[in-house]
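Spelled out from the first residue to the last, the chains are:
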Amino acid sequence: MTEGRATHGARHVAIIMDGNGRWAKKRHLPRAMGHQRGVEAVRTLVRAAREMGLEALTLYAFSTENWRRSEDEVSTLMGLLKRYILADLEEFVANNVRLKIIGDYRKLAGDIVELLEDALARTAGNDGTTLVVALNYGSQDEIARAAASAAAKGAVTVEGIEAELDTAGLPPLDLLIRTSGEVRLSNFLLWQAAYAEMVFVDTLWPDFTPAHLAAALQDFAGRERRYGGR
Ligand code: IPE
Ligand code: IPE
Ligand code: MG
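The rules we used
Residues numbered from 1 in each chain as written. Chains lettered and ligands numbered in written order. Predicted model: local features only at pLDDT ≥ 70, side-chain atom pairs only at ≥ 80, totals over all residues. Heavy atoms only, no water. Near = heavy atom within 4 Å. Polar contact = N/O pair within 3.5 Å; in protein donor to acceptor, adjacent residues only side chain to side chain. Areas by Shrake-Rupley, 256 points an atom, 1.4 Å probe, with all protein chains shown as cover. Helix = DSSP H or I, 4+ residues; strand = E, 2+ residues; numbered from the N terminus. Nonpolar A, V, L, I, M, F, W, Y, C, P; charged D, E, K, R; others polar. Expected span 1.5 Å × (residues − 1). Bend = angle between axes of the 7 residues up to and from the residue. Buried < 20%, exposed > 50% of the residue type's maximum accessible area, 1.4 Å probe, protein only. Contact = heavy atoms within 4.5 Å. Phe/Tyr/Trp six-rings, centres within 6.5 Å; stacked < 30°, edge-to-face > 60°.

## Points about the site of ligand 2
In the vicinity of ligand 2, the contacting residues are Ile16, Met17, Asp18, Tyr60, Ala61, Phe62, Asn66, Arg69, Arg178, Arg184 and Ser186. Arg69 has a polar side-chain atom sitting 3.2 Å from an oxygen atom of ligand 2. Taking Ser186, its side chain carries an N or O atom lying 2.6 Å from an oxygen atom of ligand 2. Protein chains bury 78% of the 390 Å² of accessible surface belonging to ligand 2 in isolation. At three residues, the largest contribution of residues to the shell around ligand 2 is made by strand β2 (residues 56-63). Residue composition of the shell around ligand 2, grouped by class: five nonpolar, two polar and four charged.

## Details of helix α4 (residues 71-94)
Here α4 contains 24 residues, and its C-alpha end-to-end distance of 35 Å stays within 8% of the 34 Å for a straight helix at 1.5 Å per residue. Remark: the principal bend of α4, roughly 45°, maps to Asp88. Every buried residue of α4 is accounted for by Glu73, Val74, Leu77, Met78, Leu80, Leu81, Tyr84, Ile85, Asp88, Leu89 and Phe92. Those residues of α4 that are buried lie in contact with α3 (31-51), β2, β3 (98-102), α5 (110-123) and β4 (130-137). Directly after α4, the chain includes Asn96, whose backbone phi takes a positive value near 65°.

## Topic: the packing of aromatic side chains
Summed over all chains, the structure comprises seven aromatic pairs. Ring centres of Tyr137 and Phe188 lie 5.8 Å apart, and the angle between their planes is 85°; on these two criteria the pair is classed as edge-to-face. One end of the pair, Tyr137, is in strand β4; the other, Phe188, is in the loop between β5 (175-178) and β6 (197-200), and 51 residues separate them in sequence. According to the relative accessible area criterion, Tyr137 is buried, its value standing at 0%. Each member of the aromatic cluster is reached from another via a ring pair, and the members are Tyr60, Tyr137 and Phe188.

## Thoughts on unusual backbone geometry
The phi dihedral of Ser180 is positive, around 80°, even though this residue is not glycine. On the secondary structure map, Ser180 appears in the loop between β5 and β6. Judged by relative accessible area, Ser180 falls into the buried class, the value being 8%. Its identity as a non-glycine residue notwithstanding, Leu189 has a phi of 45°, on the positive side. Its place among the elements puts Leu189 in the loop between β5 and β6. With a relative accessible area of 1%, Leu189 lands in the buried category.

Here it is, written out as structure tokens:
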């Protein structure tokens, strides 16, 4: 596809976008401002991922545990999600970006589910970069749902479960990035990360730019993946 892809070799990158609250706190701003700037970082990064020739970019936007936050913060996050999809859907359509959601998104508010399903339908035929948004996503929940589906088909094997994961059909995860200095997975892509390379950066999410992504991809390109072999 693009020159970028040929050099970095990664097909699927996932990001735990963390640090919006600390970004705001440092500036004596409300947390909502951090989330708002976080959306700007998403918008810029999605464009860059497309230009860098990634087949899939998976972004952790809202976890199954994030419901523990205040009602006010949850509603801010849902409002931002809605506005982002509304504002950028035409751009996805125009740029051949396919939207995919992982997580139990049907448990979100009805208007958001409707908006997401419209966006999914309108971009389903696109075959450029897939933007995967993790919403009401928890890896343990995903694996439990996949195992139940696999069991119903009498196929409780690694392949049988994998085929039922929300990520089925996506390229294998190559690189997992987490911002803000935290070194943990917080229930994100536990299964898919089995052999993913990981990059942890101190940058807070609103400050994360395409240059940071390019640096992580360069780091990735220099790693030797052995998958247990030798
Ligand atoms: C990430 O930033 C955004 C979401 C989890 C939705 P945080 O809100 O977790 O920011 P910190 O970790 O409090 O700085
Ligand atoms: C992970 O970040 C979830 C998202 C980025 C959506 P959190 O901020 O929720 O994770 P913890 O609580 O620090 O582990
Ligand atoms: Mg956080």
